[in-house]
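Chain by chain, the residues run as shown.
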Amino acid sequence: MTRRPKTKPKLGFSSGPAGGWGSARSVSEIVLREHVPVSAARLLTHQNKAEGYMCVSCAWAKPAKPHPLEFCENGAKATAWEITGRRADPAFFAAHPLADLESWLDHDLEKKGRLTEPMRWDAASDTYRPVTWAAAFEEIGRELKALDPKQVEFYTSGRASLETSYMFQLFARIYGSNNLPDSSNMCHESSSVGLPQSIGATVGTAVLSDFQNCDCIFYIAQNVGTSSPRLLHDLQDAVDRGVKIVTFNLLREPGLQRFTNPQAPGEMLTLAETEISDAYYQLKNGGDVAALFGVCKALIEADDALQTSQISKVAGADDIPDDPDNAAAVAFAASMAAADKKHVLDHDFIATHTAGFEEFAAAARGYAWEDLEHFSGLTRSQMIEAARLYAHSEAVLICYGMGLTQHVMGVENVQMVANLALLRGNIGKPGANICAVRGHSNVQGQRTVGITEKPDLVPLDTLKELYAFEPPRWEGHTTVDACASILKGETKAFVSLGGNFLRAVPETQAMESAWRKLRLTVQIATKLNRSHVIHGEIAYLLPCLGRIEIDQQESGPQSVSIESSVAQFHGSRGMAKPASPHLLSEPAIVAGMAKATLTRGQVPWDRWVGNYGEIRDAIERTYPETFKDFNTRFLQPGGFPRPVPARERKWVTPNGKANFITPPRLFPDLGPPAPEVLHLATLRSNDQFNTTVYGYNDRFRGVKGTRQVIFVNRADIDRLGFAPGDIVDLVTALEPETERRVAGFRLLDYDIPEGCCAAYFPETNPLFPLSHHDPQAKTPSYKLLPIRLERSQSKPVN
Ligand SMILES: Nc1nc2c(c(=O)[nH]1)N[C@H]1C(S)=C(S)[C@@H](COP(=O)(O)OP(=O)(O)OC[C@H]3O[C@@H](n4cnc5c(=O)[nH]c(N)nc54)[C@H](O)[C@@H]3O)O[C@H]1N2
Ligand SMILES: Nc1nc2c(c(=O)[nH]1)N[C@H]1C(S)=C(S)[C@@H](COP(=O)(O)OP(=O)(O)OC[C@H]3O[C@@H](n4cnc5c(=O)[nH]c(N)nc54)[C@H](O)[C@@H]3O)O[C@H]1N2
Ligand SMILES: [Mo]
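Keep in mind that this is a model prediction, so the values were computed, not measured.

(A) Representation of the overall build of the protein in the model. The helix and strand inventory of the protein stands at 32 helices and 33 strands. Its C-alpha radius of gyration of 26 Å places the protein within 12% of the 28 Å reference for a compact globule of 798 residues. Counting only C-alpha atoms and orienting by the principal axes, one finds that the protein spans roughly 80 × 60 × 55 Å. Here the analysis covers contacts within the protein between residues at least 6 apart in sequence; of these, 79% occur between residues at least 24 apart. Carbon and sulfur atoms make up 53% of the accessible area of the protein, which amounts to about 27,100 Å² in all. Side chains of the protein carry 83 positive and 93 negative charges; the gap between the two charge centres is 5 Å.

If you want it as structure tokens, here you go:
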């Protein structure tokens, strides 16, 4: 049975600002809907505060001096979703064979509420049935011992704490495996691969105070209103100070246009809105390399002109006198003259700190504006205007998100951000840095403590010394490699620390078939999802405490820690009553499996579980500089910073310089262009957190009661012979030998550049071939896939 939501879909444009009354109403609706007791709802006042718990939604920074209510609509939803009064208990499972649950939508599965007891799949009844923890650990250990460690995947979703993540990677390594794929592989891996080559940092360099010290923010490919709403406060404060916000996005996202602070009663009463962006450049998906090359070209050529005293020639001002775009070039030239600028680029910084400038500048000069316009979808004057705003700012902060990283050219996108920053020394000084806006609340931190498939990123010798075992030195699997290995039948067991792997990865259909052939699936989880309903021959569902819940162990109630988007570590103490007395904490579950599996290594698993302070001590012993005085600093207001050398302009690269890296091309090769092909970007609604679908509305984009929509430009709808509201199938236009199709999507006439289209994830994941990813980072190209539309035989499922 496929469940249908009760409301009828309503499609239209959002006219209101982000935040505002809609946001306040949305929070109270979900608190009521989830039957959250009033006492638990009060917990929100402790969210993201030093004495409280860190939000389980996004990774945005937690200020040392928080707002009285330091949470947003989505943080409140995520909290209510975790401390819900609903339960998926053994009676529910007994009544629902998995063959039945397979037809349920993601929303309906998770909506059943929190898992309450450890369960094992029973083949005879096709149901999950309760087992004891001891029996579960014993069988998991026995099964893992019988396998070659190379046949096992240890997946982590980015919510697990630093303490759990450290234990999990140690368990995998002592067992003998570096197969540690994680959600970050599908997310900011392009940053993790691109930034080290450019600036010698694996993470962004920004600190929270940069928002107070910058005079311009370039905001690229991130949907702040939906994905990290608390960042809107920092943007709003910046705007109030007169900071210019320059946005590059495929869509005109309301959060980046207007914002009403739902926590500022004055603003709510008057409906005062803050206009966020000064300049909004709506570009084609995949157009960022070309757009940023255009901005860099304008800067470099303006500088060239100033060097030769041909100020009138700034940005080619007098080359094409009849060109209407010339106005931007003339304005740029005049503005430089009026400011009496002698140069546009920071030549001292470039000479002292960087390598590769000449090659990059030559490439920028060499590109024709027509090509940059063609691939970006922007006009020359827009790129020059952006360059003018950039050139007149002394400290530019560049923020970016998934619209840059999830691309075949994801690494090049990220490196273009670095190139732009380096041109004017916009890195490592107050207000000027690169801010990689991360997703999951501890996705950055889990990498810091060893969740990675790359053995070079982990101090293996230290682990060897501390725990008396020989760590594996071979390169493990990323998420894409893990999928390939599962598809080939080489992987036999999958141990999942949270997440919903099967739904988050590409190639859904083939992956679901291959997943069923796994010998063992172990899922540590809070709520039921599709990766549990489809399962291996032996399948365990191990329910854990969430971060918001009180975690009582031998030495008392425990705290855990996380790392935010700006590389600050924070403590978090659970405050809600656990959803069930049978739950174990994540550290206890990892320890239970490790003890039942490992026959070597010396790890005090029980002592660690009894007192997480001992795990933090172990983390500090492994990473003494990063986690200096971990236990004494982690609960202080505002957390404590992780050292990021590029912040101090120390470049930990092979040549000791910050490198301009010149992308070899402007756009990826997606096969021969065809008129019927559109380029799909997959997105989140503001009523979901990744594969967790809270509801069927996308208030900001004016969609109500459905997720089965495709956003298309009206000209494309007409050109392709459809009408708005028609129901279509989406069919991948790559690798024609395999048909990849999702059925029953409503065509929505939307403000999106021609040739582009957008739809929600994870419903569209069956369209993505596994091979369609960045070749270096292996981040799936979730923001750029060629597809065709076909008239549908199906009805939308919602
Ligand atoms: N409410 C909510 N919050 C979340 C999540 C959630 O699902 N829901 N997920 C969390 C996670 S794990 C992550 S990683 C983050 C994700 O947060 P974001 O980084 O904001 O990711 P997306 O929502 O996928 O959308 C990215 C934005 O990029 C734009 N875009 C798409 N393609 C392109 C392109 O080629 N170029 C440019 N310039 N723009 C483009 C889209 O229009 C969209 O505004 O959010 C986190 N926070
Ligand atoms: N097409 C497309 N695909 C994408 C993306 C995209 O933009 N487009 N984005 C990608 C990105 S950025 C990401 S990060 C991935 C997300 O991939 P994942 O991180 O694997 O997926 P989530 O949906 O965040 O996982 C939700 C599940 O986590 C479990 N969970 C929640 N809280 C806890 C907890 O405290 N402990 C434990 N153990 N489990 C918990 C619940 O059971 C819930 O069902 O998806 C990727 N996939
Ligand atoms: Mo993510």
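Once the structure has been displayed, the description carries forward.
(B) Highlighting the domain arrangement of the protein. Domain assignment breaks the protein into domain 1 (133–186 + 442–637), domain 2 (188–437 + 639–668) and domain 3 (678–791). In this complex, domain 1 contributes 16 residues to the contact, which on the side of domain 3 involves 15 residues. Carbon and sulfur atoms supply 56% of the area that domain 1 and domain 3 bury against each other, a total of about 1,400 Å² over both sides. Viewed at the interface, domain 3 and domain 1 are joined by 9 residue pairs in polar contact (both at pLDDT 80 or more).

(C) Summary view of empty space enclosed by the protein. Following the criterion strictly, the structure yields 4 cavities of 30 Å³ or more and no others. Of the voids in this model, the second largest cavity is the one considered here, and its volume is about 70 Å³. If you go around the second largest cavity, you meet 16 residues; those closest to its centre are Lys-49, Ala-50, Met-54, His-570 and Gly-638. Looking at the lining of the second largest cavity, its residues break down into 8 nonpolar, 6 polar and 2 charged.

(D) The sheet that holds strand E23 (residues 640–641), seen in detail. Taken in spatial order, the 3 strands line up as E21-E22-E23 in an open sheet, and their pairing is antiparallel. In this open sheet, the two edge strands, each paired with only one partner strand, are strand E21 (559–563) and E23. Across 5 bridges, the pairing between E21 and strand E22 (residues 568–573) is antiparallel. Looking at E22, one finds that Ser-559 is bridged to Arg-573. Against the sheet, helix H8 (residues 162–175) engages E21 and E22, with an angle of about 85° to E21.

(E) Structural context of the nonpolar core. Counting 71 residues, the largest nonpolar core has Phe-218, Phe-248 and Leu-299 as the members making the most contacts within it. Ranked by the residues each element gives to this core, the list is headed by helix H14 (residues 288–307), at 12 residues. Sequence-distant contacts of Phe-248, defined by excluding residues within four places in its chain, comprise Phe-218, Tyr-219, Ile-220, Ala-221, Tyr-281, Leu-283, Ala-291, Val-295, Leu-378 and Ala-386. Listed in part, the 58 residues of the second largest apolar core include Tyr-166, Leu-170, Trp-605 and Phe-630.

(F) Spotlight on unusual backbone geometry. The linkage connecting Phe-761 with the following residue, Pro-762, adopts the cis geometry, with an omega of 10°. Among the structural elements, Pro-762 can be located in the loop between strand E32 (756–760) and strand E33 (785–791). If you check the backbone angles, Asn-48 has positive phi at about 60° while not being a glycine. Following the sequence through the fold, Asn-48 ends up in the loop between helix H2 (38–41) and helix H3 (73–82). The backbone of Glu-735 shows a phi angle near 45°, a positive value even though the residue is not glycine.

(G) Summary view of the side chain of Asn-426. Mapped onto the elements of the fold, Asn-426 is located in the loop between helix H21 (410–423) and strand E15 (433–436). Owing to a relative accessible area of 0%, Asn-426 belongs among the buried residues under this scheme. Separated by 3.0 Å, the side chain of Asn-426 and the backbone nitrogen of Val-396 make a polar contact. Setting aside chain neighbours within four positions, we find Asn-426 in contact with Tyr-390, Glu-394, Ala-395, Val-396, Ala-421, Ala-432 and Asn-433.

(H) A look at the sheet that holds strand E12 (residues 279–282). An order of E12-E9-E8-E14-E15 is seen for the 5 strands of this open sheet, with the pairing classed as parallel. The sheet is open, and its two edges are formed by E12 and E15, each paired on a single side. Averaged over neighbouring strand pairs, the angle between their axes works out to 15° when direction is ignored. Relative to strand E9 (residues 244–249), strand E8 (residues 216–220) runs parallel, the two being bridged by 5 bridges. Bridge pairing links Ile-220 to Phe-248 in E9. Sheet strands touched by helix H19 (residues 380–391): E8, E9, E12 and strand E14 (396–400). Its angle to E12, the strand with the most contacts, is close to 145°.

(I) Summary view of the packing of aromatic side chains. Within this structure, the stated rule accounts for 36 aromatic pairs. Relative to Phe-660, the ring of Phe-360 has its centre 5.6 Å away and its plane inclined at 25°; by these criteria the two rings are stacked. Pair noted here: Phe-360 is in helix H17 (residues 357–366) and Phe-660 is in the loop between strand E24 (658–659) and strand E25 (678–683), with a separation of 300 residues, a long-range link. Take Phe-660: its relative accessible area is 5%, and that puts it in the buried class. On the basis of an interplanar angle of 70° and a centroid distance of 4.6 Å, the ring pair of Phe-711 and Tyr-750 is categorised as edge-to-face. Remark: Tyr-750 occurs in the loop between strand E31 (741–749) and E32 and Phe-711 occurs in strand E29 (residues 709–712); sequence separation between them is 39 residues. Over the aromatic face of Tyr-280 sits the side chain of Arg-252, whose NZ or CZ is 4.6 Å from the ring centroid.

(J) Inspection of the site of ligand 2 at higher detail. Looking at ligand 2, there are 30 residues lining it, with Glu-110, Tyr-155, Glu-586, Thr-691 and Asn-765 nearest. For ligand 2, an oxygen atom lies 3.1 Å from a polar atom in the backbone of Gly-499. For ligand 2, the accessible surface in isolation is 930 Å², of which the surrounding protein chains cover 96%. Tallied by class, residues from the shell around ligand 2 come to 10 nonpolar, 14 polar and 6 charged.

(K) Focus on the site of ligand 1. Close to ligand 1 lie 29 residues, the nearest being Asn-249, Glu-253, Asp-288, Gln-688 and Asn-690. Asn-74 is positioned with one of its side-chain polar atoms (N or O) 3.4 Å from a nitrogen atom of ligand 1. Met-402 is positioned such that a nitrogen or oxygen atom in its backbone is 2.8 Å from an oxygen atom of ligand 1. Across the complex, the protein chains shield 99% of the 920 Å² of accessible surface that ligand 1 would expose by itself. Of the residues contributing to the shell around ligand 1, the split by class is 10 nonpolar, 15 polar and 4 charged.

(L) Spatial organisation of helix H18 (residues 369–376). Here H18 has its buried residues at Trp-369, Leu-372 and Ser-376. Looking straight down H18, one finds its buried side chains confined to an arc of 65°; they lie on one side. Next to the buried residues of H18 lie H14 and H19. Two residues or fewer past H18, Gly-377 is found with a positive phi of approximately 80°.

(M) Region of interest: the UniProt feature "domain: Molybdopterin dinucleotide-binding" (unreviewed entry) in the protein. Feature annotation in UniProt assigns "domain: Molybdopterin dinucleotide-binding" (unreviewed entry) to the following positions: residues 678–784. Across residues 678–784 one finds 6% helix and 34% strand; the C-alpha atoms that close the span lie 9 Å apart.

(N) How the structure looks around the side chain of Glu-163. Along the chain, Glu-163 falls in helix H8. On the accessibility criterion, Glu-163 (0% relative accessible area) is buried. Excluding anything up to four places from it in sequence, Glu-163 contacts Ser-559, Val-560, Ser-561, Tyr-612, Ile-615, Arg-616 and Ile-619.

(O) Focus on the environment of Asp-240. Within the secondary structure layout, Asp-240 lies in helix H12 (residues 231–240). Between the C-alpha atoms of Asp-240 and Asn-261, which are 21 residues apart in sequence, the distance is 13 Å.

(P) Fine view of the environment of Arg-746. Relative to the elements of secondary structure, Arg-746 occurs in strand E31. Each C-alpha atom, one on Arg-746 and one on Lys-795, is 9.0 Å from the other, the two residues being 49 residues apart in sequence. Looking at Arg-746, its side chain comes within polar contact range of the main-chain oxygen of Asn-798, at 3.5 Å.

Reading the values: the criteria
Residues numbered from 1 in each chain as written. Chains lettered and ligands numbered in written order. Predicted model: local features only at pLDDT ≥ 70, side-chain atom pairs only at ≥ 80, totals over all residues. Heavy atoms only, no water. Helix = DSSP H or I, 4+ residues; strand = E, 2+ residues; numbered from the N terminus. Rg over C-alpha atoms; globule rule 2.2 N^0.38 Å. Contact = heavy atoms within 4.5 Å. Areas by Shrake-Rupley, 256 points an atom, 1.4 Å probe, with all protein chains shown as cover. Lys, Arg positive; Asp, Glu negative; His and termini not counted. Charge placed at Lys NZ, Arg CZ, Asp CG, Glu CD. Domains from an automatic or database assignment. Buried area = accessible area lost by both parts, 1.4 Å probe. Polar contact = N/O pair within 3.5 Å; in protein donor to acceptor, adjacent residues only side chain to side chain. 1 Å grid on protein atoms, 1.4 Å probe; cavity = no way out; pocket = protein on both sides within 12 Å on 5 of 7 lines; lining within 4 Å. Points joined across faces, edges and corners; volume = space filled by probe spheres on them. Nonpolar A, V, L, I, M, F, W, Y, C, P; charged D, E, K, R; others polar. Pairing = 2+ DSSP bridges. Axes fitted to C-alpha atoms, helices over the stretch in contact; angles between N-to-C directions. Core = buried A, V, L, I, M, F, W, Y, C linked by side-chain atoms within 4.5 Å. Buried < 20%, exposed > 50% of the residue type's maximum accessible area, 1.4 Å probe, protein only. Phe/Tyr/Trp six-rings, centres within 6.5 Å; stacked < 30°, edge-to-face > 60°. Lys NZ or Arg CZ within 6 Å of the ring centre and 35° of its normal. Near = heavy atom within 4 Å. Arc of directions from axis to C-beta. UniProt positions renumbered as here; feature names shortened; annotations may be inferred.

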